[in-house]
Amino acid sequence: AQDLPSLIKDKSFRPSPLMKVYDNAGVLDSSSFEAFHIGKMAYNVCEAVKLWRFRPGGVMAGIFLNLIVDNLLPSFFSIKGRLEIVRTNDKKLITFQDNFFWIVCSHRNPYNGCVGEQMWVSFMTLASFPGFGTMMEFFKPPMGHYAGLGYIFEETIACDSFVFSADTSTNVDRLGCVLDGDAYVAGNRVTVVNQAKAMQVVASQKFPVNIPKKYIEITSIPPAAKRWLDRNPPTSGISLYKPVAQPDSATEYSPIVKMIPLLLKILLPLILLVR
């Protein structure tokens, strides 16, 4: 933002991509410039911004309450369905049929978090869910999104488009989605298509190649993400971030931290009532 005045003065513009997003119910027909999410957890967290505005604790209480509950009980917040992806490199259609916890699409490079021209879709299935503690670390500021989604998701694919269809046998006729931070209840089939050079933005004429180190903090890489990184090393010129070793003090309260899931399970009926 501090460079914006000089960029405007110099009339520096850069063509940037968008993502065309639409569903089969006519609820969504828009474009995304940042990220598009599919999943109950993402929907609940962003919907909390609206629902908790005037509740005790405010917006942040609602956000963290939903993060805790949804990541504590991932099986209750996963969606069975089919993900069909048109891969960029060979234009091949590949299909995944699974129980998905979270799907994210953006133009951010999964290795370094930088915005570029390529669209990527990342997904996390219930089977590869990395655990409550790992997810809470991911959402702790600075969020893991800044580093790139390759360090947490089980699969990330460079794509031209994709379609997610909920399994109709599970009686799911709506999908919780998030479009650039706004929560939507869409139909049970959502399509996302890359739109290259769809807009002009005031920015440096070259895409960024790194993120300031102050925004990067990776404490661990779950096994599924590690396998993906091993199978898909970055191209020349891109270096992987390394997990940050935690100081001894970080584990000082580990017995209490380990009790949190048990306490929340005991209090879950009350938590759900408040929601």
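Residues numbered from 1 in each chain as written. Predicted model: local features only at pLDDT ≥ 70, side-chain atom pairs only at ≥ 80, totals over all residues. Heavy atoms only, no water.

**Brief notes about empty space enclosed by the protein**
Empty space among the atoms becomes apparent when a probe as large as a water molecule is rolled across them. What counts is decided by this rule: Using a 1 Å grid laid over the protein atoms alone, points where a 1.4 Å probe fits but cannot get out form a cavity; open sets with protein on both sides within 12 Å along at least 5 of 7 lines form a pocket; any residue with an atom within 4 Å of a point counts as lining. Grid points are joined across faces, edges and corners, and a volume is the space filled by probe spheres set on the points. The residue classification treats Ala, Val, Leu, Ile, Met, Phe, Trp, Tyr, Cys and Pro as nonpolar and Asp, Glu, Lys and Arg as charged. All others, Gly included, are polar.
Overall, the coordinates contain 1 cavity of 30 Å³ or more when judged by the stated rule. Quantified by volume, the largest cavity comes out at close to 160 Å³. Contributing to the lining of the largest cavity are 14 residues, with Phe 138, Glu 217, Ile 218, Thr 219 and Ser 220 lying nearest its centre. A class-by-class count of the residues in the lining of the largest cavity yields 6 nonpolar, 5 polar and 3 charged.

**A look at the confidence of the model for the protein chain**
Inclusion rule: Looking at any residue, its pLDDT shows the predictor's confidence there, from 0 to 100. For the purposes of this entry, the term helix denotes a DSSP run of H or I that reaches at least four residues, the term strand denotes a run of E that reaches at least two, and both are numbered from the N terminus. Here, residues are in contact when the closest pair of their heavy atoms is within 4.5 Å.
Of the residues in the protein chain, 88% reach a pLDDT of 70 or more, and the chain-wide mean stands at 88. Of all secondary-structure elements in the protein chain, the lowest mean pLDDT belongs to helix H6 (residues 254-274), at 51, while strand E7 (residues 155-166) reaches the highest, 98. When the criterion is pLDDT under 50, residues 247-256 qualifies, and its contacts beyond four places in sequence or with other chains add up to 0 contacts.

**Quick look at the packing of helix H2 (residues 40-51) against helix H3 (residues 58-72)**
Spelled out, the test is: Under this scheme, a helix contributes an axis fitted over its contacting stretch, all axes are lines through C-alpha atoms, and angles between N-to-C directions fall in the 0 to 180 degree range. Throughout, the term roughly parallel applies to angles under 35 degrees, roughly antiparallel to angles over 145, roughly perpendicular to angles from 65 to 115, and oblique to all others. Crossing handedness is read from the near helix: turned anticlockwise from the far helix by less than a right angle, it gives a left-handed crossing, and turned clockwise, a right-handed one.
One can describe the packing of H2 onto H3 by two numbers: an axis separation of 7 Å at closest approach and a directional angle of 165 degrees. In terms of orientation, H2 lies roughly antiparallel with respect to H3. Two packed elements cross with a definite hand, and for H2 against H3 that hand is right-handed. Contact with H2, carried on its side by Lys 40, Met 41, Asn 44, Val 45, Ala 48 and Val 49, involves Val 59, Gly 62, Ile 63, Asn 66, Leu 67, Asp 70 and Asn 71 of H3 and no other residues of that element.

**Quick look at the packing of aromatic side chains**
Just so we agree on the cut-off: Side-chain rings of Phe, Tyr and Trp (the six-membered ring for Trp) are treated as a pair once their centres are within 6.5 Å; stacked means planes under 30 degrees apart, edge-to-face means over 60, and tilted covers the remaining angles. Note on exposure labels: buried denotes an accessible area under 20% of the residue type's maximum, exposed denotes more than 50%, and partly exposed covers the range between, all computed with a 1.4 Å probe on protein chains only. Remark: a charge is flagged as sitting over a ring if the NZ atom of Lys or the CZ atom of Arg is within 6 Å of the ring centre and within 35 degrees of the ring normal.
Taken as a whole, this structure holds 11 aromatic pairs when the rule is applied. Taking 6.0 Å as the distance between ring centres and 85 degrees as the angle between the ring planes, the aromatic pair formed by Trp 102 and Phe 138 counts as edge-to-face. Of this pair, Trp 102 sits in strand E5 (residues 93-108) while Phe 138 sits in helix H4 (residues 132-139); the two residues are 36 residues apart in sequence, bridging distant segments of the chain. For the pair Trp 102 and Phe 138, a shared accessibility class is recorded, and that class is buried. Counting every residue linked through ring pairs, the aromatic cluster contains Phe 96, Phe 100, Phe 123 and Phe 164. One cation-aromatic arrangement involves Arg 55 over Trp 52; the distance from NZ or CZ to the ring centre is 5.2 Å.

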